[in-house]
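# A structural walkthrough
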Amino acid sequence: MKMTTMKAGPSFYRDTWADIDMDAVEENVAALRSHLPEKTGIMAVVKADGYGHGAVHTAKAALRAGADQLAVAMLDEALELRQAGMTAPILVMGYSRPEDAAAAAAYDITLTAYAEAWLDALALDGIVDVHVKLDSGMNRLGLKQVGEIRSFGRKAAAHDSVRVTGAFTHFAASDEKDLSFTREQLEQFTFQRKTLEETTGTLDSIHAANSAAAMRVDEAALNTVRFGISMYGLNPSAEIQSDLPFPLKRAFTLKSRVTHCKHLQRGETVSYGRSYKAERDMWTATVPIGYADGWIRAHQDGDVLINGRRARIIGRICMDQMMIEVEEPVETGEEVVLIGRQGGEEITMDEVAGRVDTISYEVPCIISSRVPRVILINGEQVEVRSRFTF
Ligand SMILES: *Cc1c(COP(=O)(O)O)cnc(C)c1O
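Throughout, a residue's number is its position along its own chain's written sequence, starting from 1. Where totals are concerned, whole chains, interfaces and linings use all residues; where local detail is concerned, this predicted model gives features only for residues with pLDDT of at least 70, and gives and counts side-chain atom pairs only at 80 or more. In computing side-chain values, all of the structure's heavy atoms are included and hydrogens and water are not.

## Describing the overall build of the protein chain
- Per the convention used, a helix needs a DSSP run of H or I reaching at least four residues, while a strand needs a run of E reaching at least two, with both numbered from the N terminus. A tally of helices and strands in the protein chain yields 11 helices and 21 strands.
- Projected onto the principal axes, the alpha-carbon positions of the protein chain cover approximately 75 × 60 × 40 Å.
- Relative accessibility under 20% of the residue-type maximum defines a buried residue, over 50% an exposed one, and the middle range a partly exposed one, all with a 1.4 Å probe and only protein chains included. Among the 390 residues that make up the protein chain, the fraction classed as buried is 52%.
- Across the protein chain, every contact between residues at least 6 apart in sequence was considered, and the portion connecting residues at least 24 apart equals 66%.
- By element, 48% of the accessible surface of the protein chain is carried by carbon and sulfur atoms, the whole surface being about 17700 Å².
- As used throughout, the charge tally considers Lys and Arg to be positive and Asp and Glu to be negative, leaving His and the chain termini uncounted. The atoms used to mark charge sites are NZ of Lys, CZ of Arg, CG of Asp and CD of Glu. Here the protein chain contributes 43 positive and 55 negative side-chain charges, whose respective centroids are spaced 3 Å apart. Only heavy atoms enter the contact rule, under which two residues are in contact if any of them lie within 4.5 Å. In these tables, accessible area is a Shrake-Rupley quantity obtained with a 1.4 Å probe, and a residue counts as shielded only by the protein chains included in the view.

Okay, structure coming up:
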């Protein structure tokens, strides 16, 4: 067989993809920038590959729009950003092993610390910057009691290899209508932070707010806010949609194209298990996305958009494909929108999340790397991020 040279450059050969609108990310960050006091910085949270949008491009978009720091969940994610040439301050918000602090120090990455045993186990030549995690009510990571905060603070302040540059906490319920627990947490955090500062001296970086608190609780702004979900244009929760101080613009659009269309006679069934049965003569179209793409089986009976109208997903969703009910025959190649706008219709992330009993955060995160991410800046495709690089 004759081998031909493949076209160089990023490309993909399937008709299912996500458009990622970096202009929307910039607009969301800029809107928060105008909403916050000038002295409050913005830490763009780009963990989990930027919530499935692509960490490097979303980080760059956020920095262009006024963010001044980045945050991730784990050291690997921070190193990916450094490897891509990003020079902004980066905080790892989760646990890092003490033996990995040398790698963090070498790449000027700030770690999160909250345990004396962790300080004892550090063995590095350089100095690692840390933010101290204080637990004001989430009960996940962090120091809680006055005694343990003092004891940790003294040890950290005396440590040759540690520089404490900040302190933070995390809210458990700032995306709920009722903000009373968030205000209690903020009060508790202020007390804990002052206790810590008795041993470390005044800290430059004090932060508590996630997206919901950054937009809704002015007193929680402090030195910095950690802006995650809403930087991608998504609501922290459906119940606070009407409380948001500025409109958010969704960056993530999921699209596919029809691969086959066929007529069904009354009584015929569709897909595995024959759970869908045609109650009349009808048309169905096949769409090449399935649960291996993160388009899980629970999306069955949900809507997609085709020809500017809603169409229902029928029968079981397969690993790589699913079927929809269409009103009339459609061409192979006809565009299908699973998340986003087409014509005058829109399927929002909240609709899709609600359908499968989850929150907006989970949906783009679990769309797998088999679905290429088409990065758009100024409406132009600048890169395709895919598991396959051809
Ligand atoms: C993920 C995360 C955030 C961002 O939260 P959003 O609700 O997405 O804005 C902030 N802080 C911590 C500690 C986190 O883990």
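Picking up after the structure, the text goes on.
## Some points on unusual backbone geometry
- Notably, leucine 222 is not glycine yet its phi reads approximately 50°, a positive angle.
- Along the chain, leucine 222 falls in the loop between α9 (211-216) and β9 (224-227).
- Of note, the phi angle at serine 271 is positive, near 70°, even though the residue is not glycine.

## Some points on helix α8 (residues 180-200)
- Expected helix span is taken as 1.5 Å per residue step, with the number of steps being one fewer than the number of residues. With 21 residues, α8 should cover 30 Å at 1.5 Å per step; its first-to-last C-alpha distance of 30 Å lies within 8% of that length.
- All of the buried residues along α8 are Thr182, Gln185, Leu186, Phe189, Gln192, Arg193, Thr195, Leu196, Glu197 and Thr199.
- For α8, the secondary structure elements touched by its buried residues are β6 (128-133), α7 (146-158), β7 (162-168) and β8 (205-207).
- One or two residues past the end of α8 sits glycine 201, with phi positive at roughly 80°.

## With respect to the domain arrangement of the protein chain
- Residue ranges for the domains originate in an automatic or database domain assignment. Per the domain assignment, the segments of the protein chain are domain 1 (23-233) and domain 2 (252-347).
- The distance between the C-alpha centroids of domain 1 and domain 2 comes to 42 Å.

## Some remarks on the pattern of salt bridges
- Just to be clear on terms, a salt bridge is a Lys or Arg side-chain nitrogen sitting within 4 Å of an Asp or Glu carboxyl oxygen. Tallied over the full model, the rule gives 27 salt bridges.
- A salt bridge links glutamate 26 to arginine 64; the nearest nitrogen and oxygen atoms lie 2.7 Å apart. With a gap of 38 residues between them, glutamate 26 in helix α1 (residues 22-35) and arginine 64 in helix α3 (residues 55-64) connect regions that are remote in the sequence.
- Exposure remark for glutamate 26: the relative accessible area of 22% places this residue in the partly exposed category.
- The partner of arginine 341 in a salt bridge is glutamate 346, with the nearest N and O atoms 3.3 Å apart.
- Arginine 341 sits in the exposed class, given a relative accessible area of 55%.
- Classification of glutamate 346 by relative accessible area gives partly exposed; the value is 23%.
- One salt-bridge network, in which partners are shared between bridges, spans Asp303, Arg310, Glu345, Glu351 and Arg355.

## Some details on the site of the ligand
- Nearness is defined per residue: one heavy atom within 4 Å of the molecule or strand is enough. For the ligand, the full set of nearby residues is Val45, Lys47, Tyr51, Met93, Arg140, His170, Asn210, Ser211, Arg226, Gly228, Ile229 and Tyr361.
- Between the ligand and the protein, one listed contact pairs an oxygen atom with a backbone N or O atom of isoleucine 229 at 2.8 Å.
- At a separation of 2.6 Å, an oxygen atom of the ligand approaches a polar side-chain atom of tyrosine 361.
- Expressed as a share of its isolated accessible area of 390 Å², the protein-covered part of the ligand is 93%.
- Amino acid classes used here: Ala, Val, Leu, Ile, Met, Phe, Trp, Tyr, Cys and Pro are nonpolar; Asp, Glu, Lys and Arg are charged; the rest, including Gly, are polar. Per-class residue counts for the shell around the ligand are 5 nonpolar, 4 polar and 3 charged. Polar contacts, as used here, are pairs of N or O atoms within 3.5 Å; protein pairs need one atom able to donate a hydrogen and one able to accept it. Residues neighboring in sequence count only if both atoms are side-chain atoms.

## Thoughts on the nonpolar core
- Core analysis: the largest hydrophobic core is formed by 111 residues, its most contacted members being Leu81, Leu111, Leu254, Trp295, Met322 and Ile324.
- Mapped onto the domain boundaries, this core takes at least three residues apiece from domain 1 (23-233) and domain 2 (252-347).
- Not counting the four nearest positions on each side in its chain, tryptophan 295 is found in contact with Leu254, Ile289, Gly290, Ile313, Ile317, Met322, Leu338, Ile339, Val352, Arg355 and Ile367.
- To define a nonpolar core, start from buried Ala, Val, Leu, Ile, Met, Phe, Trp, Tyr and Cys residues and group those joined through side-chain atoms within 4.5 Å. Counting 7 residues, the second-largest nonpolar core is a separate cluster that includes Val270, Tyr276, Ala278 and Ile314.

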